[in-house]
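# Remarks on the overall topology
Here is what each chain is made of, one letter per residue.
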Amino acid sequence: MLGWYIFGGVAAVILIALIIFLVLHFIKKKKIEESEREVSKKVDDVTSSLSSLFGGNDNIEEIKNMGSRVTVLIKDIEKVNKEEIQKQFDSVMFMGNKIVFVIGSMSEEFSALLKEKTK
C-alpha cells in the first residue's frame, strides 16, 4: 500500500513539473514570436527610409549579406547621411565605401528588404 502512495506522489510531481515546463515553453515561444514581429516591422520601416540616407539608389553599388551582417557598398561616401543612419542603428560601422550593419538573426530579411526598397 505504501508503494502506491510513493508511486502516486512521484507521478504527481512529474506531472506538475511537466505542466510547468510546457507553460514556460509556450510563454517563451510567444515572447520570441512577438519579438520577431517587432523586429520585422522595425526592419521594414527602417529599410524604407535608408535609400535616401545612402544618397539615393544610384549611390548604392551592392548589398551583401554575410552571417549576422549586411554590407552596403557605396559609390560616393560623401553623399551618405552618416549621422542619421547612426541614430537609427546602434550597431553600424563605416569603413571606406562600406557601411556594415550588424543585424543578427534578421540579417537575411533585412538584406532582402533593403535590396527590394533600393531598386
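Read on for a plain summary of the structure. The structure presented is a predicted model; accordingly, all values stated were derived computationally and were not measured.

This next bit is on the overall build of the protein chain. Looking only at helices and strands, one finds 3 helices and 4 strands in the protein chain. Secondary structure elements of the protein chain, listed N to C terminal, follow the sequence α-β-β-α-β-β-α. Along the first, second and third principal axes, the C-alpha set of the protein chain runs to 85 × 20 × 20 Å. By the burial criterion, 26% of the 119 residues in the protein chain qualify as buried. About 8400 Å² of surface is accessible on the protein chain, with carbon and sulfur atoms providing 60% of the total. Each charge class in the protein chain was averaged separately, 17 positive and 17 negative side chains, and the resulting centres sit 4 Å apart.

So, on to the pairing of strand 4 (residues 98-102). Across 5 bridges, strand 2 (residues 69-74) lies against strand 4 in antiparallel orientation. Of the residues in strand 4, the one forming a bridge with Thr71 is Val100. Pairing of strand 3 (residues 92-95) with strand 4 involves 4 bridges; the strand directions are antiparallel. Each bridged residue has a counterpart across the sheet, and for Met95 the counterpart in strand 4 is Lys98. Between the end of strand 3 and the start of strand 4, which pair antiparallel, lie 2 residues, with Gly96 showing a positive phi angle near 60°.

Basis of the calculations
Residues numbered from 1 in each chain as written. Predicted model: local features only at pLDDT ≥ 70, side-chain atom pairs only at ≥ 80, totals over all residues. Heavy atoms only, no water. Helix = DSSP H or I, 4+ residues; strand = E, 2+ residues; numbered from the N terminus. Buried < 20%, exposed > 50% of the residue type's maximum accessible area, 1.4 Å probe, protein only. Areas by Shrake-Rupley, 256 points an atom, 1.4 Å probe, with all protein chains shown as cover. Lys, Arg positive; Asp, Glu negative; His and termini not counted. Charge placed at Lys NZ, Arg CZ, Asp CG, Glu CD. Pairing = 2+ DSSP bridges.

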